[in-house]
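Read off the chains here:
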Amino acid sequence: MPVIKILPHSEYAPEGTEISAPAGTSICEALLENGINIEHACDMSCACTTCHVIVRKGYDSLSEAEEEEEDLLDRAWGLEPQSRLSCQAILAQDDVTVEIPKYTINHAREN
C-alpha cells in the first residue's frame, strides 16, 4: 500500500504526517479518510482548484493529468510544474510526498 507523506502545513498537518492508502485511491480521498480535511469545494468533481497539491516526490507514478485538470490548474494559487488537483491524482504503487499550498482560491472561505 503506498504511503503519502504530507509536508508540514500550518492548518492541515502542522508537524507533517504520513498516511497509507490503497492504490487506485485519489490523494484527496486518502487525505480526507485520514482526517486531513483538505478543501474540496466541488466535492471532487474536477470543477475547482481548492484541492491543489504540489507533488514533491512520486509525481510520475500518479495517473496522468487530463486536459480538464490541466486547464483548471492554470487558475490555482502557487502553480508549479508538479501541481495536481488531489481529487484527480490517483495513487499507483509508489509512495508520494505532497505539499498542500498555503492558500487556495476559494471565495466561500474569504472574509
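This text goes with the structure placed above it.
Residues numbered from 1 in each chain as written. Predicted model: local features only at pLDDT ≥ 70, side-chain atom pairs only at ≥ 80, totals over all residues. Heavy atoms only, no water.

Novice: Could you clarify how one ought to interpret the side chain of Thr97 in this entry?
Specialist: As for its position among the elements, Thr97 is in strand β5 (residues 96-99). Owing to a relative accessible area of 11%, Thr97 belongs among the buried residues under this scheme. Thr97 has contacts with Lys5, Leu7, Ile54, Val55, Arg56 and Lys57, leaving out every residue within four places of it along the chain. (Helix = DSSP H or I, 4+ residues; strand = E, 2+ residues; numbered from the N terminus. Buried < 20%, exposed > 50% of the residue type's maximum accessible area, 1.4 Å probe, protein only. Contact = heavy atoms within 4.5 Å.)

Novice: I keep staring at the sheet that holds strand β1 (residues 3-6) and nothing clicks. Help me out?
Specialist: Adjacent strands of a sheet pair through backbone hydrogen bonds, lying either parallel or antiparallel. Pairing in this open sheet of 5 strands is mixed, and the strands run β2-β1-β5-β3-β4 from one edge to the other. Pairing within the sheet leaves two strands with one partner each, and these edge strands are β2 (17-20) and β4 (83-85). The sheet shows a mean angle of 35° between the axes of neighbouring strands, direction not considered. Where strand β3 (residues 52-57) and β4 come together, 3 bridges link them in antiparallel fashion. (Pairing = 2+ DSSP bridges. Axes fitted to C-alpha atoms, helices over the stretch in contact; angles between N-to-C directions.)

So far we have only geometry, and geometry alone does not tell us how the molecule works.
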